[in-house]
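# Coordinate inspection notes
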Amino acid sequence: MAETDFERALEPVARRMERVKLTAGFLSELLRAGADIHLGDAAMRWAGMPNKNERAALAEALDALAAAGFLERSGKETWRVVRSAE
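Quantities reported herein were computed from a predicted structural model and do not represent experimental measurements. Residue numbers here run from 1 along each chain, matching the order of that chain's written sequence. Local features are withheld for residues below a pLDDT of 70 in this predicted model, meaning they are given only at 70 or higher, and side-chain atom pairs are given and counted only at 80 or more; totals for whole chains, interfaces and linings count all residues. Side-chain measures were taken over the full set of non-hydrogen atoms in the model, leaving aside hydrogen atoms and water.

## Notes on the packing of helix α4 (residues 39-47) against helix α5 (residues 52-67)
This is how the line gets drawn: The convention used is that axes are lines fitted to C-alpha atoms, helices contributing only their stretch in contact, and that angles between N-to-C directions extend from 0 to 180 degrees. A helix here means a DSSP run of H or I that spans at least four residues, while a strand means a run of E at least two residues long, and both kinds are numbered starting from the N terminus. Crossing handedness follows the turn of the near helix against the far one: under a right angle anticlockwise gives a left-handed crossing, and clockwise gives a right-handed one. Contacts are residue-level and defined by heavy atoms, with any inter-residue pair within 4.5 Å sufficient. Under this grouping Gly is polar, as are all residues other than the nonpolar Ala, Val, Leu, Ile, Met, Phe, Trp, Tyr, Cys and Pro and the charged Asp, Glu, Lys and Arg.
For the pair α4 and α5, the least separation of the axes is 10 Å and the interaxial angle reads 115°. Where α4 crosses over α5, the two elements pack in a sense that is right-handed. Each of Leu39, Gly40, Ala42, Ala43, Trp46 and Ala47 in α4 lies in contact with α5, whose residues at this interface are Glu54, Arg55, Leu58, Ala59 and Leu62. Grouping the amino acids of the contact of α4 with α5 by side-chain chemistry returns 8 nonpolar, 1 polar and 2 charged.

If you want it as structure tokens, here you go:
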């Protein structure tokens, strides 16, 4: 099965995501065109009370998605969704 752009974008952080149990499914749900993603809010939705390792892993995944053109950074801990995972 061919990899999607979304899956390729997450390859550099896949091991870290695996260790903290951050799923690609959760990240794809965040990608609604035009939406803003705030690190703190997203971390709370994902992990409840995230520790600094979980928060850092989520930030790395969001940065990987930004590097692949799914997000654009709009603040220190904020990203704007440019395109969805599909």
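## Looking at the sheet that holds strand β1 (residues 36-38)
This is how it is decided: Pairing between strands is defined by DSSP: at least two bridges between the two strands are required.
The strand order across the open sheet built from 3 strands is β1-β3-β2, with neighbouring strands paired in antiparallel fashion. In this open sheet, the two strands that pair with only one neighbour each are β1 and β2 (71-75). Between one strand and the next, the sheet's axes are offset by a mean angle of 30°, whatever the strand orientation. Seen against the sheet, α4 touches β1 and β3 (78-81) and runs at an angle of roughly 75° to β1.

## Describing α5
Just so we agree on the cut-off: Helices are assigned an expected span. That span is 1.5 Å times one less than the residue count. Each residue gets one of three labels from its accessible area relative to the maximum for its type: buried under 20%, exposed over 50%, partly exposed in between, using a 1.4 Å probe on protein chains only. Two N or O atoms form a polar contact when they lie within 3.5 Å of each other; inside protein one atom must be a possible hydrogen donor and the other a possible acceptor, and for residues adjacent in sequence the pair counts only when both atoms belong to side chains.
Between its first and last C-alpha atoms α5 spans 22 Å; for 16 residues at 1.5 Å apiece the expected length is 22 Å, and the two agree. If you check which residues of α5 are buried, you get Glu54, Ala57, Leu58, Ala59, Ala61, Leu62, Ala64 and Leu65. Measuring from the backbone nitrogen of Asn53 back to the side-chain oxygen at the start of α5 gives 2.9 Å, which picks out Asn51 as the cap. Positive backbone phi, approximately 90°, marks Gly69, located one or two places after α5.

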